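Spelled out, the chains give:
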Amino acid sequence: MIISRLLARKRIAAGVRPSFKAAWLPVAADIVIISLLLASLFLPAVSLTIVMDLSLFLRILALMLVIYAPLQIVIIVSTIWAVRSRWEEKETK
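Let me sum up the structure you'll find in this document. (Residues numbered from 1 in each chain as written. Predicted model: local features only at pLDDT ≥ 70, side-chain atom pairs only at ≥ 80, totals over all residues. Heavy atoms only, no water.)

### Focus on helix H2 (residues 20–51)
Next up, step 1: Along its 32 residues, H2 runs 46 Å from first to last C-alpha, staying within 8% of the 46 Å computed at 1.5 Å per residue.
Next up, step 2: Bending of H2 peaks at approximately 30 degrees at the position of Phe 42, with proline Pro 44 no more than four residues after it.
Next up, step 3: The complete set of buried residues in H2 reads Ala 23, Pro 26, Val 27, Asp 30, Ile 34, Leu 38, Ala 45 and Thr 49.
Next up, step 4: At its buried positions, H2 is contacted by helix H1 (2–14) and helix H3 (56–86). (Helix = DSSP H or I, 4+ residues; strand = E, 2+ residues; numbered from the N terminus. Expected span 1.5 Å × (residues − 1). Bend = angle between axes of the 7 residues up to and from the residue. Buried < 20%, exposed > 50% of the residue type's maximum accessible area, 1.4 Å probe, protein only. Contact = heavy atoms within 4.5 Å.)

### Points about the packing of H1 against H3
Next up, step 1: Contact geometry of H1 with H3 gives a least axis separation of 9 Å together with a crossing angle of 20 degrees. The angle between the axes of H1 and H3 places the two elements in the roughly parallel class. Where H1 crosses over H3, the handedness of that crossing is left-handed. Two secondary-structure elements touch here, H1 through Ser 4, Arg 5, Ala 8, Arg 9 and Ile 12 and H3 through Ser 78, Trp 81, Arg 84 and Ser 85.
Next up, step 2: Its residues assigned to classes, the contact of H1 with H3 comprises three nonpolar, three polar and three charged. (Axes fitted to C-alpha atoms, helices over the stretch in contact; angles between N-to-C directions. Parallel < 35°, antiparallel > 145°, perpendicular 65-115°, else oblique. Left-handed = near helix turned anticlockwise from the far one by under 90°. Nonpolar A, V, L, I, M, F, W, Y, C, P; charged D, E, K, R; others polar.)

### What about H1?
Next up, step 1: Between its first and last C-alpha, H1 extends 18 Å over 13 residues, near the 18 Å set by a 1.5 Å rise per residue.
Next up, step 2: The complete set of buried residues in H1 reads Ser 4, Ala 8 and Arg 11. The buried residues of H1 occupy an angular sector of 65 degrees when the element is viewed end-on, so they sit on one face. Seen from the open side of H1, the exposed residues pointing more than 90 degrees away from its buried face are Ile 2, Lys 10, Ala 13 and Ala 14.
Next up, step 3: Buried residues in H1 make contact with H2 and H3. (Arc of directions from axis to C-beta.)

Below, the structure is given as C-alpha cells:
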C-alpha cells in the first residue's frame, strides 16, 4: 500500500504509464511486507486470545480483525493504485 501508492502517485503526476511489471511489482512488495509483519503478530495474537479465554467465535473474530482484515485492505488499496497508474482514458468522439 505504501510503496505502490507512492510510486503510482509520482507516475500519475508525471503522466507516465508504467509497464505491467512496473505497476504490479510494488503491489507484490507491499503484500510481502504486510504478510511478514502480520506473520510476526500471529502467534502473540493467538496467545492473547488463549490467555483471555475467549470463546471460539470471539477468537476467530479477533484473529480476522487483527490478521485478515489488514491484509485485505493492503491488497485492495495497492491494487487500486496499480490500476490507476496504468489507466488510459479513451477519447470519446
